[in-house]
Amino acid sequence: MNPKKKQPETKPVFNERAGATSALGRAVALHLEGKLKEALKEQDGAIERGESTAEVHSARGHIQFELEQFEDAATSYQKLIELSPRHPSATFNLAVCLEKLGRWGQACEQFQKAFESEGKRLDALVGWGVCLLHLDRPQNALDAFERCLVVLDYGSQEAAEQRPVRFVAQVIADDGLGPVAALEQEGIRHGFQDAAHVG
């Protein structure tokens, strides 16, 4: 006689990743339809249901940034960094949010971390320099901009496009102009401020 082996009972198990993925999918679809607030509600619902994944917080930060909810976006990117410390753009995106909030010291630290840990991002190095200008540290800002030019290869087309940044940094260092006044005097604005993205 061959006794039948008892099979273990199978209970439905909630798959956090699957739930988060479907919430993320719905949020992306809503986002593509231009329904940012609805997409954000979808992400908030996922978190309330315990579906707190790196992907959810990344998407949530992106949507909050687009809605100009910079404080909330910064919180989302901080949570993303907790969940995924090596995320390829989380530190940079946090820095951009902090910059938007005028938290120059915190933004400066995050831009520095982003430059050092996220593949030597030049936009992070420029952000670092701009924050240093706002912190009235023009010589340090000049050093950051000079590093940018070294990374770019000074003779390249990209480097040529960065020369105005070097010029402004030098004017500030030499003449003691305030950073905002010097930037306005030269009509230069750095263009990475709206570069936060889901990545």
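Check the entry above for the structure.
Predicted, not measured: the structure shown is a model, and the values here were computed from it.

Trainee: Looking at this structure, I do not really get the overall build of the chain. What am I missing?
Mentor: Within the chain, the regular secondary structure consists of 10 helices and 0 strands. Counting the 199 residues in the chain, one finds 41% classified as buried. Taking the intrachain contacts of the chain between residues at least 6 apart in sequence as the baseline, contacts between residues at least 24 apart amount to 50%. Roughly 11,300 Å² of accessible area belongs to the chain as shown, and the carbon and sulfur atoms make up 51% of that amount.

Trainee: Looking at this structure, I do not really get helix α5 (residues 90–100). What am I missing?
Mentor: Since one α-helical turn is 3.6 residues long, residues separated by three or four positions face the same way. Taking burial as the measure, the 11 residues of α5 include 10 buried ones, the bulk of the element. Buried positions along α5 lie against α3 (54–66), α4 (70–83), α6 (104–117) and α7 (122–134). Downstream of α5 by one or two residues, Gly-102 has phi in the positive range, about 75 degrees.

Trainee: Any chance you could explain the packing of α5 against α6 here in plain terms?
Mentor: Each packed pair of helices is defined by two parameters, the angle between the axes and the distance between the axes. In the contact formed by α5 and α6, the axes pass within 8 Å of each other and the chain directions differ by 160 degrees. It follows that α5 is roughly antiparallel to α6 by the angle criterion. For the pair α5 and α6, the crossing hand works out as left-handed. Together, Thr-91, Phe-92, Leu-94, Ala-95, Val-96, Leu-98 and Glu-99 of α5 and Trp-104, Gln-106, Ala-107, Gln-110, Phe-111, Lys-113 and Ala-114 of α6 make up the contact between the two elements. Each residue belonging to the contact of α5 with α6 can be placed in one class, and the counts come to 9 nonpolar, 3 polar and 2 charged.

Trainee: Can you walk me through the packing of α7 against helix α8 (residues 138–152) in this structure?
Mentor: It is at 7 Å that the axes of α7 and α8 come closest, and there the two elements cross at 165 degrees. The pairing of α7 with α8 is recorded here as roughly antiparallel in orientation. α7 and α8 meet at a crossing whose hand is left-handed. Residue-level inspection shows Leu-122, Leu-125, Val-126, Trp-128, Gly-129, Val-130, Leu-132 and Leu-133 of α7 in contact with α8, the latter providing Pro-138, Asn-140, Ala-141, Ala-144, Phe-145, Arg-147, Cys-148, Val-151 and Leu-152. The residue makeup of the contact of α7 with α8, split by class, is 14 nonpolar, 2 polar and 1 charged.

Cut-off values and rules
- Residues numbered from 1 in each chain as written.
- Predicted model: local features only at pLDDT ≥ 70, side-chain atom pairs only at ≥ 80, totals over all residues.
- Heavy atoms only, no water.
- Helix = DSSP H or I, 4+ residues; strand = E, 2+ residues; numbered from the N terminus.
- Buried < 20%, exposed > 50% of the residue type's maximum accessible area, 1.4 Å probe, protein only.
- Contact = heavy atoms within 4.5 Å.
- Areas by Shrake-Rupley, 256 points an atom, 1.4 Å probe, with all protein chains shown as cover.
- Axes fitted to C-alpha atoms, helices over the stretch in contact; angles between N-to-C directions.
- Parallel < 35°, antiparallel > 145°, perpendicular 65-115°, else oblique.
- Left-handed = near helix turned anticlockwise from the far one by under 90°.
- Nonpolar A, V, L, I, M, F, W, Y, C, P; charged D, E, K, R; others polar.

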